[in-house]
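# Structural overview for review
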Amino acid sequence: GSFVSLSNPARRGEIVRAYATGLGVTSPAVGTNATAIPGTDAIVQGALIMGVTNTAGQGEGVRVLTARVAPDLIGVFEIPFLMPMDAATGSNVSFSIGVIPVGSSTPIYSATAKIPIL
């Protein structure tokens, strides 16, 4: 329940939440400039792809638990994922998020972001 920061890095084996925009359609649908219906989860329908740099210096897929519209936030998605046990450590470990939208076979990736991991 706390923010990841340099003084409070993510840890291997824990569930971390990333927040992103632009992940596409949800079920149930959420309109433009709207929040999800209170008490319901608006789940992303596209296939999510997440990766974190591992100790070998390679991108490694991570286990995404689900992706939903963040409660009370317009246009923001919440993505909890399991930090791999062999994730690289340091203050600037690379990770990225991608989505294959419904009806497409082409993934769309975010820019690489950085996260501190202990």
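All chains use their own residue numbering, which begins from 1 and follows the written sequence. Only residues with pLDDT of at least 70 are given local features in this predicted model, and only at 80 or more are side-chain atom pairs given and counted; all residues enter the totals for whole chains, interfaces and linings. In computing side-chain values, all of the structure's heavy atoms are included and hydrogens and water are not.

The subject of this paragraph is the overall build of the chain. When you go through the chain residue by residue, the secondary structure sums to 0 helices and 11 strands. Working definition: helices are DSSP H or I runs of at least four residues, strands are E runs of at least two. Numbering for both runs from the N terminus. In the chain, the succession of α and β elements from N to C terminus is β-β-β-β-β-β-β-β-β-β-β. The atom set for the radius of gyration is the C-alpha atoms, and the globule formula is 2.2 Å times the number of residues raised to the power 0.38. Expected size for 118 residues packed as a compact globule is a radius of gyration near 13 Å; at 15 Å, the chain falls within 12% of this value. Dimensions of the chain, computed from C-alpha atoms along their principal axes, come out at roughly 40 × 35 × 20 Å. Residue burial in the chain is summarised as follows: out of 118 residues, 32% are buried. Note on definitions: a residue-residue contact is assigned when non-hydrogen atoms from the two residues lie within 4.5 Å. In the chain, the share of contacts with a sequence separation of at least 24, taken over all contacts with a separation of at least 6, comes to 62%. Each residue's exposure class comes from its accessible area (1.4 Å probe, protein chains only) as a fraction of the maximum for that residue type: buried when under 20%, exposed when over 50%, partly exposed otherwise.

Right, let's talk about the nonpolar core for a bit. The nonpolar core is taken to be a set of buried Ala, Val, Leu, Ile, Met, Phe, Trp, Tyr and Cys residues, with the residues joined through side-chain atoms within 4.5 Å. Residues Val-52 and Met-83 are the most contacted members of the largest nonpolar core, which totals 25 residues. Listed by contribution, the elements that provide at least two residues to this core are β1 (15-20), β4 (47-53), β8 (77-82), β9 (90-100) and β11 (113-117). Top contributing element to this core by residue count: β9, with 4 residues.

Moving on, we get to the pattern of salt bridges. Definition used for salt bridges: Asp or Glu carboxyl oxygen within 4 Å of a side-chain nitrogen of Lys or Arg. Per the stated rule, a full pass over the model turns up 3 salt bridges. Ionic pairing is found between Arg-17 and Glu-78, a salt bridge with its closest N-O pair at 3.7 Å. One end of the pair, Arg-17, is in strand β1; the other, Glu-78, is in strand β8, and 61 residues separate them in sequence. Exposure remark for Arg-17: the relative accessible area of 49% places this residue in the partly exposed category. Salt-bridge contacts for Arg-68 lead to Glu-78; the nearest nitrogen and oxygen are separated by 2.8 Å. Pair noted here: Arg-68 is in strand β7 (residues 68-69) and Glu-78 is in strand β8, with a separation of 10 residues, a long-range link.

With that settled, consider the confidence of the model for the chain. As a per-residue quantity, pLDDT reports the predictor's confidence and falls between 0 and 100. Averaged over the chain, the pLDDT score is 94; the fraction of residues at 70 or greater is 100%. Summarising per-element confidence for the chain, the mean pLDDT is lowest in strand β5 (residues 59-61) (89) and highest in β11 (97).

This part covers the pairing of β1. Of the two faces of β1, only one is covered, namely that formed by Val-16, Ala-18 and Ala-20; the face formed by Ile-15, Arg-17 and Tyr-19 stays uncovered. Think of it this way: DSSP has to see at least two bridges between two strands before they count as a pair. Both β1 and β8 contribute to a ladder of 6 bridges, which runs antiparallel. If you follow Ala-18 over to β8, its bridge partner there is Ile-79.

Relative to the assigned elements, Phe-77 resides in strand β8. Given a relative accessible area of 7%, Phe-77 falls into the buried group. Between the C-alpha atoms of Phe-77 and Asn-54, which are 23 residues apart in sequence, the distance is 25 Å. What Phe-77 contacts, discounting residues up to four positions off in sequence, is Ala-18, Tyr-19, Ala-20, Thr-21, Gly-22, Leu-23, Gly-24, Thr-26, Val-44, Arg-68, Val-69 and Ala-70.

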